[in-house]
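For reference, the chains in residue letters:
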Amino acid sequence: MKADSSAPDTPQSYRWWFGFGLFVVLVLLFQSAMAYLVGLDASLSGDEKHFVATIRQFGQGLSIHLLRTYEEMSTPLPFLLFSGWGRLFGFDIVSLRLGSLLVAVLTYITWFGLLGSVLRSGWRVWFGAWLLVLNPYMIYLSIFVHTDTITILFVLLAVLAWRFDRPWMMALALAAAMLCRQYVVYVAGAAALNAIVGWLGTRERSQAITSIASIASVVPLLILFIFWGGAKPDNELQKLYMPYAFVFHPTSLVLYISVLGLYLLPVTLTVWGRVYGQWKVVAGAAIVSFVYWLFPVKASAPSIEQINVHTVGLLHKALRWMGGEGWPEQMVFYAGFLLGLPIIWLLVVDGLKQARAGQGALRLFLNLSGVLFLLVMPWSYLHWEKYILPVYPLMILRILMLKPHSLNQDQPDRPSENRLDATQTTPGG
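From a predicted model like this one, the values you see are computed outputs, not experimental measurements.

What follows deals with the side chain of D148. Along the polypeptide, D148 turns up in helix 8 (residues 148-163). Assessed through its relative accessible area of 3%, D148 is described here as buried.

In C-alpha cells form, the structure reads like this:
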C-alpha cells in the first residue's frame, strides 16, 4: 500500500469537521440503538448491582468513614462522579445509565481525536475508532453502570494531553484515571519513563517538566493509600481478596498476552507482515508458546472460591456456550497466546530501540504502556479479559502506526514522532 500522498486534513478544513461530525452522529445513533434494544430500564446486571448501590450510598452524603470503608475494591472517583450526576438528574437506573452513555460518547470522541492527531490515513482513523466502539465489552459497558469506561476516558485524555504538550493536564488526567482504577498506574509509569528517556536524550526542559508531572500524578493515589492504610478500602471485601494480592500469578500474564493477541487480531491483520513477517520471531514465539500449557487460562482462585465464577470474561463464556469447554477453549486461548507473543516482542524491541536513541516519542510511550501493563497486572488478586481495556486502544494505535509492508519503519505521527503544540494541526480522516 502506498502512503497517503494527499495533504492532511486540519481542524480548519471542512473535511476534518465533516469527518468528525459524521463520526459523532454515527456514534450517537449507534449508542441510541443499543440503548433501545437493551432497554435503559432493564434489570441490574452483574457488577452493576453493587456499583449502583455504592453510588447511591455516596449520594446520601460523603463522610470520612464512608470514603475509608465503602464496599468496593477500586478507587472512589467514579462513584463520586456518578453520585454527583445522580444528585443532578436522579439516582434511578435510567438516569444513571444515561450518565454511562454520556461517558461512553465522550470516550469515543476523545479516541477519534487522538487517532486523528497521529495517523496519516483516514481509513485507519475510522477503523481504529470503530474497533473500540464495536468491542463487545464497550457495547455492554457503555450502557450499564460500570467504572471501566470512565477510566479509559481519562487514560485517553492523558495521552491526548501529552500529545499536545500539556504536561499538567496530562498529570491531572492520569491522577483521575488512577483514582478510578488504581492498577492503571502503569500508564503513569510509561509517561514518566518516556519523559525521562527524552530528557536524557535531549536535555529539553519540557521533558523534565513532563517527568515531574508524570510522577506527581501518582501523589493523590499514594495519599489515598495512606488514608486507607493499604491499597484498598478497609472493608469486608478486602479481607476476602487481599490474601491473593501482591503475588505474581503466571496464569494472569498468560491470559493477558492471549487476550491481546485475540482482541487485536482485526488490526494486526492490516499489518500482518510487520508483526508476523519475520520467521525468527514467529519461530521463537512458537517455541515459547509451550509455556502456555504450564499456566493455561482459567478463572482466578478468588473468582472460583468467593463468587463461584469459572470463566474469565465474555470470550471465555462464548467459547463454553458453543460447547468449547476443555481442549477446544484452551486451543483458542493458546492460539491467542501464540499471536500475542510477537506483539510483545515488537513492543519490547522497538521500545529498546527508541530508548537507545534517546527519543521520548509517542511510540515509546505506547510501547511502555503495553509492557508495563503486562508487568503490573499479574500481581492483582483477580484476572479478567476486560482488564485489558485501558491499554487496548493504546495498543490499537501502536499497531496502526505500523507501515503495512515495511519491516523497518513505522507510519509517522502527524506531523512528527514528537508532541504537538496547540497551534499545530490534527487530521480527522
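Still to come is the rest of the account.
With that settled, consider the environment of F79. For F79, the location among the structural elements is in helix 4 (residues 77-89). On the accessibility criterion, F79 (0% relative accessible area) is buried. Sequence spacing of F79 and A53 is 26 residues, and the spatial spacing of their C-alpha atoms is 9.7 Å. When near neighbours in sequence (up to four residues on either side) are disregarded, F79 contacts F51, T54, I55, F58, Y70, E72, S74 and T147.

Geometrically, a packed helix pair is captured by the angle between its two axes and the distance between the axes. Running from N to C, helix 17 (residues 279-288) and helix 20 (residues 327-356) point in directions that differ by 130 degrees, and their axes come no closer than 9 Å. Put simply, helix 17 runs oblique to helix 20. Where helix 17 crosses over helix 20, the handedness of that crossing is right-handed. Residues V281, A285, A286 and V288 of helix 17 touch helix 20, and the partners they reach there are Y334, F337, L338, L341, P342 and W345. Among the residues forming the contact of helix 17 with helix 20, the class breakdown is ten nonpolar, no polar and no charged.

Here we take up the packing of helix 5 (residues 93-118) against helix 7 (residues 136-143). Two elements in contact, helix 5 and helix 7, have axes whose closest approach is 6 Å; the angle formed by their N-to-C orientations is 135 degrees. Put simply, helix 5 runs oblique to helix 7. Judged by residue contacts, R97, S100, L101, A104 and Y108 of helix 5 engage M138, L141, S142 and I143 from helix 7. For the contact of helix 5 with helix 7, a count of residues per class yields six nonpolar, two polar and one charged.

To continue, consider a nonpolar patch on the surface. Together, F18, L22, V25, L26 and L29 give the surface a local cluster of nonpolar side chains, amounting to about 460 Å² of exposed area. The topology assignment puts V25 in helix 1 (residues 14-38). Classification of V25 by relative accessible area gives partly exposed; the value is 44%.

Time to look at the confidence of the model for the protein chain. Model confidence for the protein chain is summarised by a mean pLDDT of 89, while 91% of its residues fall at 70 or above. Counted against residues more than four places away or in other chains, residues 412-417, with its pLDDT under 50, gives 25 contacts. Scored below 50 in pLDDT, residues 421-429 makes 32 contacts in the model with residues more than four places away or belonging to other chains.

In this structure, F23, W111, Y186, L264, F373, Y392 and L397 are the most contacted members of the largest nonpolar core, which totals 120 residues. Excluding residues within four positions of it along the chain, F23 makes contact with Y108, I109, F112, W126, A129, W130 and V133. Judged by nonpolar contacts, the second largest core, of 14 residues, contains I55, F58, Y70 and F82.

Looking now at unusual backbone geometry. Of note, D165 is a non-glycine position whose phi angle comes to about 55 degrees, a positive value. Checked against the element boundaries, D165 lands in the loop between helix 8 and helix 9 (167-178).

Two numbers describe a pair of aromatic rings. These are the distance of the centres and the angle of the planes. Per the stated rule, a full pass over the model turns up 28 aromatic pairs. Between the aromatic rings of F112 and W126, the centroid separation amounts to 5.5 Å while the plane-to-plane angle is 80 degrees, which identifies the pairing as edge-to-face. Linking F112 in helix 5 with W126 in helix 6 (residues 122-133), this pair joins segments that are 14 residues apart in sequence. Look at F112 and you get buried, because its relative accessible area is 0%. Residue W126 is classed as buried on the basis of its relative accessible area, which comes to 19%. Through successive ring pairs, a cluster of aromatic residues spans F20, F23, F30, F112, W126 and W130.

As a further point, take helix 2 (residues 48-59). Residue pairs spaced three or four apart in an α-helix point in one direction, given the helix's 3.6 residues per turn. Along its twelve residues, helix 2 runs 16 Å from first to last C-alpha, staying within 8% of the 16 Å computed at 1.5 Å per residue. Three or more residues of helix 2 are buried, namely E48, F51, V52, T54, I55, F58 and G59. Down the axis of helix 2, the smallest arc covering the buried residues is 160 degrees, so these residues share one side. Those residues of helix 2 that are buried are in contact with helix 3 (64-69), helix 4 and helix 5. With its phi angle positive at about 140 degrees, G61 sits one or two positions after the end of helix 2.

Take Y387: it is sitting in the loop between helix 21 (362-376) and helix 22 (392-400). A relative accessible area of 9% places Y387 in the buried class. Expressed as a C-alpha distance, the spacing of Y387 and V184, which sit 203 residues apart in the sequence, is 9.7 Å. Residues in contact with Y387, not counting those within four places in the same chain, are R181, Y183, Y256, F373, M377 and L382.

Once that is clear, we can look at the pattern of salt bridges. Enumeration over the complete set of coordinates arrives at six salt bridges. The residue D148 makes a salt bridge to K386 at a minimum N-O spacing of 3.2 Å. On the criterion of sequence distance, the pair formed by D148 in helix 8 and K386 in the loop between helix 21 and helix 22 is long-range, its members being 238 residues apart. For E329, the salt bridge goes to R320, with nearest N and O atoms at 2.8 Å. With a relative accessible area of 3%, E329 lands in the buried category.

Moving on: the side chain of E329. Its place among the elements puts E329 in helix 20. Sequence-distant contacts of E329, defined by excluding residues within four places in its chain, comprise H316, L319, R320 and G324.

Definitions and limits used
Residues numbered from 1 in each chain as written. Predicted model: local features only at pLDDT ≥ 70, side-chain atom pairs only at ≥ 80, totals over all residues. Heavy atoms only, no water. Helix = DSSP H or I, 4+ residues; strand = E, 2+ residues; numbered from the N terminus. Buried < 20%, exposed > 50% of the residue type's maximum accessible area, 1.4 Å probe, protein only. Contact = heavy atoms within 4.5 Å. Axes fitted to C-alpha atoms, helices over the stretch in contact; angles between N-to-C directions. Parallel < 35°, antiparallel > 145°, perpendicular 65-115°, else oblique. Left-handed = near helix turned anticlockwise from the far one by under 90°. Nonpolar A, V, L, I, M, F, W, Y, C, P; charged D, E, K, R; others polar. Patch = residues over 30% accessible without salt bridge, like charges linked within 9 Å, V, L, I, M, F, W, Y side chains within 5 Å. Areas by Shrake-Rupley, 256 points an atom, 1.4 Å probe, with all protein chains shown as cover. Salt bridge = Lys/Arg side-chain N within 4 Å of Asp/Glu carboxyl O. pLDDT = per-residue confidence, 0-100. Core = buried A, V, L, I, M, F, W, Y, C linked by side-chain atoms within 4.5 Å. Phe/Tyr/Trp six-rings, centres within 6.5 Å; stacked < 30°, edge-to-face > 60°. Expected span 1.5 Å × (residues − 1). Arc of directions from axis to C-beta.

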